Every structure is written in C-alpha cells, then in structure tokens.
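Structural characterization, general
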Amino acid sequence: MTHIRHPRQGVSRRRLLQAAAGLPLLAACHDSTPLRPESAEQRVFQHGVASGDPLADRVILWTRISAAQAPATVRWEVYRDPFLTLRVTQGEGEVSGDSDGCYKVDVSGLDAGRTYYYRFLALDQVSPTGRTRTLPRGAVERLRLAVCSCAYLPDEPGTRFHNAYGQIAQRADLDAVLHLGDYVYADSDLSLAEYRARHAQYKAQSAELREAHRQHPFITVWDDHETTDNCWQDGGYQPPDKPLIPFAERKQNAMRAYHEWLPIRTPDPADLGRIWRSFDFGDLLTVVAPETRLHARAAQAYSFNRVGSPIAGAEGRELLGAEQMDWLRGTLRAAPTQWKLFMNPVQIGQLYAGLPDEEGGGTRYRNMDQWDGYAAERGRLFDILDGADGGAPVQDLIFMTGDWHCQFANDVLRAPYGAAYRERGEGVLGTEFTIPCVSSGLEGYEPAELFAANPHFKNHEFPARHGHALVDLRRDTATVEFWHTDTVETREHRYRLNVGFPLTAGANRIGELLRTPTPTNTEAPSLAP
Ligand SMILES: [Fe+2]
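Remember, predicted model here, so these are calculated numbers, not experimental data.

With that settled, the discussion passes to the packing of helix H3 (residues 192-205) against helix H5 (residues 247-261). Relative orientation of the contacting elements H3 and H5 amounts to 35 degrees, with a least axis distance of 8 Å. Relative to H5, H3 is oriented so that their crossing is right-handed. Counting all contacts with H3, which are made through Leu-192, Tyr-195, Arg-196, His-199, Ala-200 and Lys-203, the residues of H5 involved are Arg-250, Asn-253, Ala-254, Arg-256, Ala-257, Tyr-258, Glu-260 and Trp-261.

What follows is about empty space enclosed by the protein. Scanning the model with the defined rule gives three cavities of 30 Å³ or more in all. Empty space within the second largest cavity amounts to approximately 50 Å³. Lining of the second largest cavity is provided by Trp-339, Asp-396, Leu-397, Ile-398, Gly-430, Thr-431, Leu-503, Thr-504, Asn-508 and Arg-509. Secondary structure elements with two or more residues in the lining of the second largest cavity: strand E15 (397-401), strand E17 (428-434) and strand E21 (495-504). In the lining of the second largest cavity, the residues fall into four nonpolar, four polar and two charged.

Before going further, it helps to spend a moment on the packing of H3 against helix H4 (residues 207-215). Direction vectors running N to C along H3 and H4 enclose 85 degrees, while the axes themselves pass 5 Å from each other. If you check the angle between H3 and H4, you find them roughly perpendicular. Across the interface between the two elements, Tyr-202, Lys-203, Ala-204 and Gln-205 from H3 touch Ala-207, Leu-209, Arg-210 and His-213 from H4. Among the residues forming the contact of H3 with H4, the class breakdown is four nonpolar, two polar and two charged.

Around the iron ion, the donor atoms from the protein are Cys-150 (SG), Asp-182 (OD), Tyr-185 (OH) and His-405 (NE2), and they sit 2.1 to 2.5 Å away. The coordination sphere of the iron ion comprises four donor atoms, whose angles at the metal cover 85 to 168 degrees; the geometry is irregular. All donor residues of the iron ion come from one chain, and their arrangement in sequence is C-x31-D-x2-Y-x219-H. A residue pair is termed long-range when its members are at least 10 positions apart, and Cys-150 in the loop between strand E9 (142-148) and helix H2 (163-170) and His-405 in the loop between E15 and strand E16 (407-413) qualify at 255 residues.

Where strands meet in a sheet, backbone hydrogen bonds hold them as pairs that are either parallel or antiparallel. Pairing is mixed in the open sheet, where nine strands are placed in the order E5-E2-E1-E11-E10-E9-E19-E20-E21. One side of each edge strand has no neighbouring strand; the edge strands of this open sheet are strand E5 (102-107) and E21. Each neighbouring strand pair of the sheet contributes to a mean axis angle of 25 degrees, computed without reference to strand direction. Note that strand E10 (residues 176-179) and strand E11 (residues 217-220) share three bridges and pair parallel. When the bridges of E11 are listed, His-179 appears paired with Thr-220.

Spatial strand order, E12-E13-E14-E15-E17-E16-E18: seven strands in an open sheet with mixed pairing. Only two strands of the sheet have a single neighbouring strand rather than two, namely strand E12 (277-281) and strand E18 (457-461). Ignoring which end each strand starts from, the neighbouring axes of this sheet average 20 degrees apart. Pairing between E16 and E17: six bridges, direction antiparallel. Bridging across to E17, Ala-409 finds its partner in Phe-433. Helix H6 (residues 322-334) rests against E12, strand E13 (285-289), strand E14 (339-344) and E15 of the sheet, and its axis sits at about 170 degrees to E13.

This brings us to the environment of Thr-477. Within the element layout of this structure, Thr-477 appears in strand E20 (residues 477-485). Separated by 27 residues in the primary sequence, Thr-477 and Thr-504 place their C-alpha atoms 4.6 Å from one another. Filtering out sequence-adjacent residues up to four positions away, Thr-477 remains in contact with Trp-339, Asp-472 and Leu-503.

With the rule as written, the count across this model stands at 39 salt bridges. When the shortest N-O distance is used, the salt bridge between Arg-265 and Asp-106 registers 2.8 Å. In this pair, Arg-265 is assigned in the loop between H5 and E12 and Asp-106 in strand E5, connecting sequence segments 159 residues apart. Note on Arg-265: relative accessible area 18%, which makes it buried. On the accessibility criterion, Asp-106 (31% relative accessible area) is partly exposed. Between Arg-133 and Asp-175 there is a salt bridge, and its shortest N-O distance comes to 3.2 Å. Here the residue Arg-133 occupies a position in strand E8 (residues 130-133), and Asp-175 occupies one in the loop between H2 and E10, the gap between them amounting to 42 residues. Through salt bridges that share partners, Arg-142, Arg-144, Asp-173, Asp-472 and Arg-474 make up one connected network.

Rules behind the numbers
Residues numbered from 1 in each chain as written. Predicted model: local features only at pLDDT ≥ 70, side-chain atom pairs only at ≥ 80, totals over all residues. Heavy atoms only, no water. Axes fitted to C-alpha atoms, helices over the stretch in contact; angles between N-to-C directions. Helix = DSSP H or I, 4+ residues; strand = E, 2+ residues; numbered from the N terminus. Left-handed = near helix turned anticlockwise from the far one by under 90°. Contact = heavy atoms within 4.5 Å. 1 Å grid on protein atoms, 1.4 Å probe; cavity = no way out; pocket = protein on both sides within 12 Å on 5 of 7 lines; lining within 4 Å. Points joined across faces, edges and corners; volume = space filled by probe spheres on them. Nonpolar A, V, L, I, M, F, W, Y, C, P; charged D, E, K, R; others polar. Parallel < 35°, antiparallel > 145°, perpendicular 65-115°, else oblique. Donors = N, O, S within 2.8 Å, 3.2 Å for Na, K, Ca; no water. Tetrahedral: all angles 85-135°; square planar, octahedral: opposite > 155°, others 65-115°. Pairing = 2+ DSSP bridges. Salt bridge = Lys/Arg side-chain N within 4 Å of Asp/Glu carboxyl O. Buried < 20%, exposed > 50% of the residue type's maximum accessible area, 1.4 Å probe, protein only.

Right, dumping it as structure tokens:
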C-alpha cells in the first residue's frame, strides 16, 4: 500500500560521483544566469517540461513559454548530474505564437544509455529541472518501461486525478514511458485554438502528468480521442452543438496541436499524420509506434459496439495502410532485438460478442472500432508474424494495448476458436495486454458472457480499472505487470500490483499469473530534484 506523495528524491553525493565517473571531458560550468523563483502571476513554465522519442544519441526536449510575452528566446541546457553542475551541451532558439508558445529541440551528440538532466531559461525565469534518458546500444541485460493510456480529465479542476501518472513519476528505474493514446479527450473540439486549449488544460490541471513528463522520456502514439471519438481518416464523432467543418481541417488542427504539445519528433512536417517510427533499445527490445487512426483507417464497419458486420473482413479495408504495413514488415524483420513491443491503440485479439447474432451472418465481433473491424488488415499483419508472406517469422512480439479502460491478457493467433488451439494450444503468434487506464471510465459490460466465448483470454477485469502497466524485460524472460490505483477522485489513493504475466523468450504465450512484483532496479539514476 502506497499513498501518493510528491517527493523530491534526494540525490546522494555517492550517486553524483557515480554519475560523473568515467565520463568524457565536460565543459566547465560557471552559470551566471539570474535564477529567480517564479511568482504565481508570472509562471513562464507553468505547463512544465518534457522529453521524448529518445534515440541512442539524441532526445527531444519540450517546454512551453506560458507567459504572454512570446515571442521569446529560450535557452536550454543539458547536464550529466541532477545538481546541474556538469554541463554537457546547451543552445537556444526562438519561440513564437506560431507554435502556441511551445518549444522543442532535438538535442543530439549524447551518449547512449545515459540519464541526463536539463532545464530551460526564458524571460529571466528558469524551468523545473527535467530528467531524461537515451536509448542503450549493444548488449542490454534489463529494461523497465511504464505503459499507460486513456487519461480523461473533466473541465472542472479538482474532480479527477492522474494518480497513475504520479506513481510512474516516482519510479526511478524506468527507461522510458510508453503512452498508447487518449492522452487528451478532445471530442468536443474543432478549431486549432480549442485543441491547443485542451492540451493546455491537461498539463496545467495535472501536477501528476507534469511530474511524469519531468522525470521520464515519453514515446507516444495517438488513438482517437486526441482528435475525436472513433475517428478514421475522413471522419469521426461530431459534437451536435457545434458547426460542421471539413474533417480534413479538424484533423489538421488536432494533429498540429498534438505535435506542438507533445515531446514527439515530427518525421514529416508536411504530413503530420506520418508518425510511425521505431526505437531499438540495444539488442533487447524494439518498440514499434504505429499510426492507426488518421493516415489510412477506413470507416468503421458499423457504429461502435454494434454486433455483426459482413464487411468487416473486406480485403480493401485498411487500418495501417500499405505503406505503413511495408514499413512494419521491414522493421520487425530487421529488428536486431530479442523482444518486440507493438504500441497498439486498439485491441488486436479477436473478441466474439458471445451474443445472439441479430444481424444474421457476419463476424459477430464485439467492437468494430478495433482490429476486429479490419480483419483482412489484421490478416496481413499476421502474415508477417508467422511468415505466411514468405519472410522469416517474427518471434517474441508483445502487443501493449490501450482504449478499453478495463484490463485483458490474451494470446494472439489466427484461429482462437478452433480445436488446434482449444485442445493443444497451437498457433499462437504473440501476446496482448490491454492495460488499465490512467483515469477514464467504463460501465455496463458483462464479462462472464463475453469470455465464455473467448478461450484465448487469460485475464479480464471489468468495469474500468485505473493504473498502468509495467514491462520488465530480460534476455530470456519478460514480465508484464498491471498496477492499480484504487481511485481517481481524490489524490489520496492506494497503489498495488494487481497481476503479473510472465513470458519466456521463444514461447509466444502467457504463462502462470504472478502476484508478486518484479524487483526494482536499486542502481537507477536519481530522480530530478
Ligand atoms: Fe480511452
């Protein structure tokens, strides 16, 4: 049982010396910057600092000049130590209203597998100290990642809390945080100003979100709610009390605000939907971060949750699209790593409704917004995994999935309802973990009915579960843990392990459930003070 705190973990001299040991020559640093504490009226950095998309030699640093004085010059500094005495690199740039006051820099020339500390200076103010980490190269023995999604916040401050983000922030031994989407819920927003205000609301309102960003690099993918509910490449939920504007315009507004406000690298500024990218953590893990909503996704076969769809499996219906599928095939096949983690906004495992087929025929899947509504596209992905496309099969792929707000763990395979799997467990291609959400809701489902019809699901909990996942990877084994926070209505809460799922390299399936957590890494670099 842990109660929420907002610690400023002390940094020991021993740790500092460890951090500095064996480093290349560092610039002597005699900082003459005037450091004045920010007043409540003039909080230049009130939306915090963040880092993301780490590579072995670089990382994106983010902040926002939240005072009204933009345009402004922003200086950034990167240090080896949490006391900000061993400066590694620095620079400066301009921030203007064109980016809503947001500032990003892709800091390069860094060492692989290192923790760094950073800050920004602007308008005679200094930001909170951030902490980030580059990806390792070569042989890696262990990695630990937090995985989270779905962080709904009402407009009224103080009515819901991101307790899971607060817990993630306190874990010093994370290599990165993976966010699977629904970072904001912007279903009622249309204009660029509205989408920007939505991101500002979340970062201003949630100290826990700011703290998680401050302590760890994030790798993010969006799901639907960053744009609007159940969106696809050319449509989505329209708020009934708002004017209808072309969806292309709305989508552009949502994507632009996302790229401004998140510490994501923008691979193609001319096409903000091209966010698919991958991250190699040495020889241990490749993380695949796809785009599943706005680039190629066809319209849902039926409306949300409607049972049955004769067209769900139609060949031409795409979710990733051909270009991204080619990229995925090449990335997974070329991955120099033991484990692969697919950041999956919507569930890939089949989920039969377990209900009478009122439509007569059809696939009878539960949720047409998931991969079930794009069965042919899922088949093309499975062709990569089992080598049916003529290439080498892909082993040890873990789908980490958001969207649902409850929790599931299931085997991933082509034919979960057939005798070969039911009787002999054959045909499994990978595993999927649909994670507890940070703070969103879910009501009204009946699991017994649903799961009697779905033998590949090994764990399920309804209705909403709040918390996050933790992935602990080693060479021969991996463990996926679901951590719960017991409330999102107060900051006071309890935090505990709900269940862990052990995986063995080469097995491609879920083993016996665990009830004790994997050990923390006590040698982890200090949190930022
Ligand atoms: Fe969600």
